[in-house]
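# Observations on the model geometry
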Amino acid sequence: MTSTTTHTPLTTELRDAALAALGRLGATAPEASTDGDLAVVSPLSGQPLLHVRRDGAAEATAAVDRAAEAFTTWRSVPAPVRGQVIKRLGELLTEHKTDLAELVTIEAGKVTSEALGEVQEMIDICDFAVGLSRQVGGRTMPSERPGHRLMETWHPMGVVGVISAFNFPVAVWSWNTAVALVCGDTVVWKPSEKTLLSAVGASALLDRALAEAGFPAGVSQLLLGDLEAGEALVADTRVALVSATGSERMGQQVAPVVAARGGRYLLELGGNNAAIVAPSADLDLAVRGAVFSAAGTAGQRCTSLRRLIVHESVADEVVARLAKVYSDLPVGDPRAGGTLVGPLVDAGARDRMLAAIDEAVAAGGTLVVGGTAVTVLGAEDAAYVHPAIVRMATQADVVKRETFAPILYVLTYSELSEAIALHNDVPQGLSSAIFTMDVREAETFMSEAGSDCGIVNVNIGTSGAEIGGAFGGEKSTGGGRESGSDAWKQYMRRATNTVNYSTELPLAQGVNFG
Ligand code: NAD
């Protein structure tokens with residue numbers, strides 16, 4: 001039986017809306033079991049909507065069993081045929097875009113436009129992966145030996161374990177799954193324990209696409225668990241690749257376990273993204289770009305703008321303009337038209353935000369605007385906040401950490417080299433930007449002497465990447481690359497083949513063996 005906990009009218013409304021959206025996606029809420037359950041909590045009300053099954057280590061092993069079994073047939077299905085399943089997934093996502101986006105809003109708190117954007121990103125990666133299904137392939141190189149051919153071939157890896165974070169509850173799964181499936185891998189997905197229904201809904205669409213084409217359900221497996229299920233998935237020697245998205249702490253736990261068993265990992269971890277605003281910058285662009293990147297998604301993107309490094313000649317003007325926009329930012333129910341800032345995921349996130357602001361002020365910072373809890377009528381248990389700007393004289397320790405909330409620290413600089421040094425002086429290396437009309441500054445920022453991040457933008461903010469490029473970051477962000485470009489190579493193993501079609505057996509490097 002699916003147990004329900006009814007509190008405020010808003011909670012009831014959210015539960016009914018979530019179950020209705022799930023129904024339209026062809027899914028139901030998995031029933032809570034006697035072994036334990038997981039609460040589905042909406043950040044819109046801060047209250048549990050219902051409880052669902054909690055998978056543990058045994059279920060993780062069983063899911064890998066099924067995925068490993070399915071791999072033995074899926075790997076031999078021609079890649080373009082595998083691509084047709086992903087094409088169908090893209091069609092189903094298009095048909096059910098609003099249904100899935102509604103679940104994303106209810107569980108992750110994204111404003112409707114951003115939730116729709118997340119599902120659009122899934123449709124886009126399906127398009128990309130379908131094209132990829134006719135392109136994955138290797139090179140042929142000249143052999144130094146006569147009558148020999150030297151080439152590389154690419155093969156599926158096996159079972160891919162996908163662990164995802166709450167803030168992109170479905171898109172990150174699709175980045176991994178669309179590409180992994182086309183590459184011939186099978187997938188076991190452990191979504192965030194905070195966004196379970198979104199995962200159930202998204203998975204149901206892929207299950208449907210696989211079933212329609214007559215492929216086994218084991219190709220795509222869903223684990224509704226928390227730490228226990230995640231740890232079991234990571235430790236399973238049959239999981240050839242663990243693709244894990246989340247905090248730096250999580251990556252530090254996952255990487256040694258996978259490395260110790262000789263597995264491959266792809267880590268997409270926290271960021272601490274900065275933008276430099278140069279004296280020549282178009283300040284309209286800079287302010288708009290900064291507000292979207294810093295306050296959008298309530299500062300809960302891995303690519304959210306956390307540090308603005310502004311030239312001293314324009315710093316006061318930029319801060320004044322930002323403060324004016326921030327003062328009017330509509331905070332509230334993310335489903336309401338006009339709302340730009342929805343809730344934080346939970347009270348813990350709000351408490352960490354307020355504590356970070358206190359720490360920044362204690363370190364000499366000045367709170368310019370925001371940084372207060374906001375009470376939304378009827379949602380008193382939810383964690384709404386007003387996005388904050390804190391002006392800092394130095395890059396204190398708190399600024400070097402990722403606080404997953406809308407705090408924008410503003411620092412000033414006088415020389416570009418100083419700005420770049422400040423920019424790179426954090427443990428993380430995900431996304432970065434410079435606002436400048438000076439081509440020398442833009443090129444320097446993109447050069448080896450510039451940003452040390454995986455994403456380096458000019459005259460746009462740090463968030464909002466397109467799927468066509470490889471996505472990921474360096475240093476404690478983990479070094480992984482997902483999505484577009486040649487990120488598919490991480491989901492395949494490469495074999496180098498040498499074929500001798502001559503009648504001799506010459507050895508490489510001129511070696512003579514009798
Ligand atoms: P989190 O680290 O708390 O959890 C992420 C996932 O990891 C969840 O599914 C969780 O159950 C699982 N997990 C945690 N510890 C684990 C372990 N030891 N073994 C196996 N699984 C484990 O992160 P969150 O709060 O859900 O998400 C926010 C974080 O994710 C932020 O730091 C954000 O920057 C990061 N993030 C990064 C990217 C990126 O692409 N770089 C994208 C989205 C989010």
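As the structure is a prediction and not an experimental result, all values here were calculated from the model.

## Things to note about the overall build of the chain
Scanning the chain for helices and strands turns up 15 helices and 23 strands. Whereas a compact globule of 514 residues would reach a radius of gyration of roughly 24 Å, the chain reaches 24 Å, a difference of no more than 12%. With respect to the principal axes defined by its C-alpha atoms, the chain has extents near 80 × 60 × 40 Å. Of all 514 residues assigned to the chain, the portion counted as buried reaches 55%. Sequence-distant contacts, at least 24 apart, represent 74% of the contacts inside the chain between residues at least 6 apart. With the model as given, the accessible surface of the chain reaches about 20100 Å², and the carbon-plus-sulfur share is 53%.

## Let's talk about the UniProt feature "active site" (unreviewed entry) in the chain
What UniProt calls "active site" (unreviewed entry) maps, in this numbering, to E268. For E268, the position within the fold is in strand β9 (residues 264-268). Setting aside residues no more than four positions away along its own chain, E268 makes contact with A244, T245, G246, F471, G472, G473, T477, G480, R481 and E482.

## Regarding the site of the ligand
Close to the ligand lie 29 residues; E193, S247, Q253, L269 and E402 are nearest. Residue S164 places a main-chain N or O atom 2.8 Å away from an oxygen atom belonging to the ligand. E402 places a polar side-chain atom, nitrogen or oxygen, 2.6 Å from an oxygen atom of the ligand. When the ligand sits alone it has 850 Å² of accessible area, and the protein chains cover 92% of it.

## Observations concerning helix α4 (residues 97-108)
Its twelve residues give α4 an end-to-end C-alpha distance of 16 Å, which sits within 8% of 16 Å, the value for a rise of 1.5 Å per residue. Across the twelve residues that make up α4, a large majority, nine, are buried. Residues of α4 that are buried include every one of D99, L100, A101, L103, V104, T105, I106, E107 and A108, and no others. Buried residues in α4 make contact with α1 (9-24), β1 (37-42), β2 (47-53), α3 (79-95), α5 (112-132) and α7 (196-212).

## Notes on the layout of surface pockets
For the largest pocket, the calculated volume is near 1100 Å³. As for the largest pocket, its lining consists of 37 residues, and the residues nearest its centre are A165, G246, S247, R249 and M250. Mapped by element, the contributors of at least two residues to the lining of the largest pocket are α8 (227-235), α9 (248-260) and α12 (347-362). If you tally residues by element for the lining of the largest pocket, the top one is α9, at six residues. For the lining of the largest pocket, the residue count by class is 15 nonpolar, ten polar and twelve charged.

## Some words on unusual backbone geometry
Excluding glycine, a negative phi dihedral is what most residues carry, and trans is how most peptide bonds are arranged. At A298, a position not held by glycine, the phi torsion is positive, near 50°. Relative to the elements of secondary structure, A298 occurs in the loop between α10 (283-295) and β11 (305-311). Unlike most non-glycine residues, Q509 shows phi in positive territory, near 60°. Its place among the elements puts Q509 in the segment after β23 (492-500).

## Examining the sheet that holds strand β4 (residues 148-156)
Pairing within the open sheet is antiparallel, and its three strands lie in the order β3-β4-β23. Strands with a single pairing partner mark the edges of an open sheet, and in this sheet they are β3 (140-141) and β23. When β3 meets β4, the two strands line up antiparallel, connected through two bridges. Counted as the bridge partner of M141 is L150 from β4.

## Regarding the state of the cysteines
Overall, the coordinates contain zero disulfides when judged by the stated rule. No disulfide involves C126; its nearest neighbouring cysteine sulfur is the one of C183, lying 14 Å away. The exposure class assigned to C126 is buried, which follows from its relative accessible area of 1%. Distance from the sulfur of C302, which forms no disulfide, to the nearest cysteine sulfur (C453) is 12 Å. For C302, a relative accessible area of 18% puts it in the buried group.

## Side note on the environment of I460
Tracing the chain through its elements places I460 in the loop between β19 (455-458) and β20 (470-471). Through-space distance from the C-alpha of I460 to that of K97 is 27 Å; in sequence the pair is 363 residues apart. Non-local contacts of I460, meaning those with residues more than four positions away in its chain, are made with A433 and F435.

## A word on empty space enclosed by the protein
This model, assessed by the stated rule, comprises one cavity of 30 Å³ or more. For the largest cavity, the calculated volume is near 60 Å³. Lining the largest cavity are A108, G109, K110, V111, E114, F166, N167, T297, A298, Q300, L340 and G342. For the lining of the largest cavity, the per-class residue count stands at five nonpolar, five polar and two charged.

Reading guide: rules and limits
- Residues numbered from 1 in each chain as written.
- Predicted model: local features only at pLDDT ≥ 70, side-chain atom pairs only at ≥ 80, totals over all residues.
- Heavy atoms only, no water.
- Helix = DSSP H or I, 4+ residues; strand = E, 2+ residues; numbered from the N terminus.
- Rg over C-alpha atoms; globule rule 2.2 N^0.38 Å.
- Buried < 20%, exposed > 50% of the residue type's maximum accessible area, 1.4 Å probe, protein only.
- Contact = heavy atoms within 4.5 Å.
- Areas by Shrake-Rupley, 256 points an atom, 1.4 Å probe, with all protein chains shown as cover.
- UniProt positions renumbered as here; feature names shortened; annotations may be inferred.
- Near = heavy atom within 4 Å.
- Polar contact = N/O pair within 3.5 Å; in protein donor to acceptor, adjacent residues only side chain to side chain.
- Expected span 1.5 Å × (residues − 1).
- 1 Å grid on protein atoms, 1.4 Å probe; cavity = no way out; pocket = protein on both sides within 12 Å on 5 of 7 lines; lining within 4 Å.
- Points joined across faces, edges and corners; volume = space filled by probe spheres on them.
- Nonpolar A, V, L, I, M, F, W, Y, C, P; charged D, E, K, R; others polar.
- Pairing = 2+ DSSP bridges.
- Disulfide = S-S within 2.5 Å.

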